[in-house]
Amino acid sequence: MKSLTPAQRQFLKGLAHTRQPVVMIGNQGLTAAVLKEIDQALSAHELIKIKAASNDPETRRAWLDEIRTATGAALVQQIGKVLVIYRVAAKPVIALPG
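Residues numbered from 1 in each chain as written. Predicted model: local features only at pLDDT ≥ 70, side-chain atom pairs only at ≥ 80, totals over all residues. Heavy atoms only, no water.

1. Examining the overall build of the protein chain
Argument step 1. What the protein chain contains, in helices and strands, is three helices and four strands.
Argument step 2. From first element to last, N terminus to C terminus, the protein chain shows the α and β order α-β-α-β-α-β-β.
Argument step 3. Against the 2.2 N^0.38 benchmark of 13 Å for 98 residues, the protein chain shows a C-alpha radius of gyration of 13 Å, consistent with a compact globule.
Argument step 4. If you line up the protein chain on its principal axes, its C-alpha atoms span 40 × 25 × 25 Å.
Argument step 5. Looking at the 98 residues of the protein chain, the share that counts as buried comes to 36%.
Argument step 6. For the protein chain, contacts bridging at least 24 residues in sequence account for 70% of all contacts bridging at least 6.
Argument step 7. Each charge class in the protein chain can be summarised by its mean position, and for the 13 positive and 7 negative side chains these summaries are 8 Å apart. (Helix = DSSP H or I, 4+ residues; strand = E, 2+ residues; numbered from the N terminus. Rg over C-alpha atoms; globule rule 2.2 N^0.38 Å. Buried < 20%, exposed > 50% of the residue type's maximum accessible area, 1.4 Å probe, protein only. Contact = heavy atoms within 4.5 Å. Lys, Arg positive; Asp, Glu negative; His and termini not counted. Charge placed at Lys NZ, Arg CZ, Asp CG, Glu CD.)

2. Re the pattern of salt bridges
Argument step 1. Inspection of the entire model under this criterion finds three salt bridges.
Argument step 2. We note a salt bridge from R61 to E58, for which the minimum N-O separation is 2.6 Å. Of this pair, R61 and E58 both sit in helix α3 (residues 57–71), three residues apart, which is roughly one turn of that helix.
Argument step 3. A salt bridge links R68 to D65; its shortest N-O distance comes to 4.0 Å. Of this pair, R68 and D65 are both found in helix α3, three residues apart, which corresponds to roughly one turn of the helix.
Argument step 4. Residue D65 is classed as partly exposed on the basis of its relative accessible area of 40%. (Salt bridge = Lys/Arg side-chain N within 4 Å of Asp/Glu carboxyl O.)

3. Thoughts on the sheet that holds strand β1 (residues 23–25)
In sheet architecture, strand pairing relies on hydrogen bonds along the backbone and comes in two forms, parallel and antiparallel.
Argument step 1. Read across the open sheet, the four strands follow the order β1-β2-β4-β3; overall the sheet is mixed. The sheet is open, and its two borders are formed by β1 and β3 (74–79), each paired with just one other strand. This sheet shows a mean twist of 25° between the axes of neighbouring strands, independent of strand direction.
Argument step 2. Bridging between β1 and strand β2 (residues 47–52) involves three bridges; their strand directions are parallel. Opposite V23, over in β2, you have I50 as the bridge partner. (Pairing = 2+ DSSP bridges. Axes fitted to C-alpha atoms, helices over the stretch in contact; angles between N-to-C directions.)

4. Remarks on the nonpolar core
Note on soluble globular proteins: their nonpolar side chains tend to be buried together.
Argument step 1. Of all hydrophobic cores here, the largest spans 17 residues; its most connected members are I25, L30, I38, I48, I50, I67 and I85.
Argument step 2. The set of elements that each furnish at least two residues to this core consists of β1, α2 (32–45), β2, α3 and β4 (82–86).
Argument step 3. The biggest single contributor to this core is α2, with five residues.
Argument step 4. With residues up to four places along the chain from it excluded, the contact list for I25 reads L30, V34, I50, K51, A52, A53, W63 and I67.
Argument step 5. Ranked by size, the runner-up nonpolar core spans nine residues in total, among them L4, V84, Y86 and I94. (Core = buried A, V, L, I, M, F, W, Y, C linked by side-chain atoms within 4.5 Å.)

Written as structure tokens, this is what we have:
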């Protein structure tokens with residue numbers, strides 16, 4: 001996916017604010033099953049929050065890179081252990097600004 005403009009990122013942050021994490025990366029780390037769940041959640045919701053169990057920022061950053069590569073999603077924001085990503089669905093529900 002192409003990168004998001006600052007205006008699009010800000011718009012998506014506003015939408016994500018009230019949402020709860022739909023996928024959790026647990027003690028087993030980023031497994032194939034977790035990646036499949038993330039892909040399915042993106043297909044259903046377009047914009048999702050992921051909660052990562054790791055206390056290590058480098059590990060979370062590596063997971064985020066792997067998620068983006070595997071799913072084609074764009075990073076909206078990362079705050080601590082919460083990752084917010086976006087991918088346009090086959091039938092888009094969220095209309096991004098310009």
